[in-house]
Amino acid sequence: MGEVFTAAVLVAVVASAIRLAVPLLLASLGETFGQRSGVLNLGVDGIMLLGAFAGYYAVLKTGNVWLGLLAGAIVGLFLGLASSFIAVTLKAEQGISGIGVYLFGLGMSDLLFQKLVGTPIPINTFPKVDIPILSDIPYLGPMFFQHSTVVYLAFAAIPVSTFIINRTTFGMNIRAVGEYPEAADTLGVSVAGTRWAAETIGGTLAGIAGGVLAISLGIFQQNLTNGAGFIAIALVYFGAFTPLGIMWGALLFGAINALVLELKTLEIIPRDLSNLAAMAPAIITILALAVVARRIRAPAALTKPFTRGH
Amino acid sequence: MNRITKLAILIAVFALVAAACGSDSDSGSDSGGDGFRVAIVAPSASNDLAFTQSMVDAVNSLKDSGVVSEVAITDGTFVPEDGATAIRDYASDGYDLVIAHGSQYGAFLPEIAPDFPDVSFAWGTAADTYGLPNVFSYEAASDQGGRVMGIMAAALSQSDVVGIVGPIEVGDAKLYVDGFKAGVLVGKPGADVPVNYIDSFSDVALASEAATSLIGAGADVLSGTAQMVVGAITVAKADGVLWFGTQANQTSLAPEIVVASQVYHWEGILEEIVSNVKGGTLGGELYSITFANGGLVIEYNDDYPLPDDVRELGDNAVKAFEDAG
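Please read all numbers here as calculations on a predicted model, not as lab measurements.

Here is what the cut-offs are and how they apply
Residues numbered from 1 in each chain as written. Chains lettered and ligands numbered in written order. Predicted model: local features only at pLDDT ≥ 70, side-chain atom pairs only at ≥ 80, totals over all residues. Heavy atoms only, no water. Patch = residues over 30% accessible without salt bridge, like charges linked within 9 Å, V, L, I, M, F, W, Y side chains within 5 Å. Areas by Shrake-Rupley, 256 points an atom, 1.4 Å probe, with all protein chains shown as cover. Salt bridge = Lys/Arg side-chain N within 4 Å of Asp/Glu carboxyl O. Helix = DSSP H or I, 4+ residues; strand = E, 2+ residues; numbered from the N terminus. Buried < 20%, exposed > 50% of the residue type's maximum accessible area, 1.4 Å probe, protein only. 1 Å grid on protein atoms, 1.4 Å probe; cavity = no way out; pocket = protein on both sides within 12 Å on 5 of 7 lines; lining within 4 Å. Points joined across faces, edges and corners; volume = space filled by probe spheres on them. Nonpolar A, V, L, I, M, F, W, Y, C, P; charged D, E, K, R; others polar. Domains from an automatic or database assignment. Axes fitted to C-alpha atoms, helices over the stretch in contact; angles between N-to-C directions. Parallel < 35°, antiparallel > 145°, perpendicular 65-115°, else oblique. Left-handed = near helix turned anticlockwise from the far one by under 90°. Contact = heavy atoms within 4.5 Å.

**Student:** Can you break down a nonpolar patch on the surface residue by residue, with the values?
**Tutor:** All names here are of chain A. Judged by side-chain polarity, Leu-252, Leu-273, Leu-276, Met-279, Ile-283, Ile-284 and Leu-287 come together as a nonpolar surface patch covering roughly 610 Å² of accessible area. Per-element accounting of the nonpolar patch gives the leading share, five residues, to helix α12 (residues 274-293). Turning to its location among the elements, Leu-273 is positioned in the loop between α11 (243-265) and α12. Look at Leu-273 and you get partly exposed, because its relative accessible area is 43%.

**Student:** So what's going on with empty space enclosed by the protein? Which residues, and what values?
**Tutor:** Residues and elements named next belong to chain B. Summed over the entire model, instances satisfying the criterion amount to three cavities of 30 Å³ or more. In this structure, the largest cavity encloses a volume near 150 Å³. Contributing to the lining of the largest cavity are 16 residues, with Phe-51, Ser-103, Gln-104, Asp-172 and Phe-201 lying nearest its centre. Among the elements that line the lining of the largest cavity, the one with the most residues is helix α6 (residues 171-187), at three residues. Residues of the lining of the largest cavity, tallied by class, amount to seven nonpolar, eight polar and one charged. Of the residues that make up the lining of the largest cavity, three or more belong to each of domain 1 (3-140 + 265-289) and domain 2 (142-256 + 295-324). Taken as a whole, the second largest cavity holds about 60 Å³ of empty space.

**Student:** Give me the lowdown on the packing of helix α2 (residues 44-62) of chain A against helix α10 (residues 228-238) of chain A, citing residues and values where you can.
**Tutor:** All names here are of chain A. Where α2 contacts α10, the two axes come as close as 7 Å, and the packing angle between them is 130 degrees. As judged from the angle between their axes, α2 and α10 are oblique. Relative to α10, α2 is oriented so that their crossing is right-handed. On α10, the residues touching Val-44, Asp-45 and Met-48 of α2 are Ala-228, Gly-229, Phe-230 and Ile-233. Residues that form the contact of α2 with α10 fall into these classes: five nonpolar, one polar and one charged.

Structure below.
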């Protein structure tokens, strides 16, 4: 049992947790923008899947991982626009339309893969970038400073998102239309325009999250996300609709997964309990969510379409 | 019905159509085979370089040779209930043989098969026909190939740590993992053989991290089974760690590091099943592919410079299984 508490195991768990957290983090940050504006998008997983395929396919054809990331972002942007049109302009029931977007992404990403690629073909992955000096620090270096550029960018997106939401006029408008759209409208804020923008940011980040996942793995296959988009939605609640809270949630989920994997490798978890251990990330996340959700309040206008005068 | 409701229905229909498109329902044309129609329902893509592809290739081979006339495939039904719906649909359509290619579909057969007494069902990998007269079951003795490749892995390992990435501890996956581990320990009794079952057939990211964890534990040779191992193979490739594949030839995924693959050839037992069905026996028998009946084959990667003595170890192990029958 002492093997669990070695520095090598700790380094492996933390580094793995960070890698596993990144796609969740990006998708959750995007969903936060949408939800803070009052729009729930249950189609995040579908957008991630199409973003993943787009990213994979672009890298397969060009060999350039950054073009792949761009492709994921563009696909996410268009799906974000489509989601905005459905949820904001057409005022469709957000739960149903979100599931529709998910199923569309699930089916279409597989269809495109089968027709355009077929058999899985490995692609280039993001190269690791060791941060000078910091990466040489014992233990801390391998944990935090020997990742790919997208990992650093994903964590840099946290303060940026926090700043946008809390310190800019655009962020204030997002919060206003999510809490009290009638008042925001009275003050001249375009509720529809703000929600379109927030939802499109959400779609773009979900597409990027999918692209990051596929390019990091260097492969694509059907249902690559394995439900990560739905976990990302849960993390928005876990994180109390704040980027920092979401980061902790994503890291917790990643850390539990990484720890379970490491314990299995070390054969510390008895084989009979392996199935139970595999459920641990989901169970702990649900429990944590239940505890956190009691203390937070969702945006008052979440899922409520806005019509002037109603 | 108001505008919003109409829109919601429209979106749902659109999404379902797209989702349905994602599953490759492919009906081949008649090319002989006495009008014998076969349908396959499988959990992953037809070209997954693993479990599903092994069956699709086998049935298409029978079609090419005129044993069957029509092949329909519904792949990607990773949700078992979706698979059960497809199985029932094919039976309703009057297919002569419906292959439920996945142990997860087995639970549905006792309720589906009795409703279609004139249709034959084949289910695998499993060794249970539920006592039904129109259900065959089939399995792969994947432990045989696992043992052969485990022996070679032990010989190639410098660190004496050989890791295995598993999906869920059932069916031929468990057989393979157990066989591979036993083979490594035959080759090097003191070797460390950590096994990491990620408890998912589809989580590529988790398989990738499991491989990273095993490499971190010192493994310089890896193996794994099921469709999610593509993630583990890319990690092995990036770290220059050797890989042994199973179910289908996985060389194309990483020619630099794939040493060999155990490939399933279901053609032989499928031909027997088709022959039985044509003769009026619709089920009740168990089949297994082995080295002895040609259902298992070790395919080597010609681009990997495998030392002759290691190749000889593998060939001898295969011959021992063939001789034992």
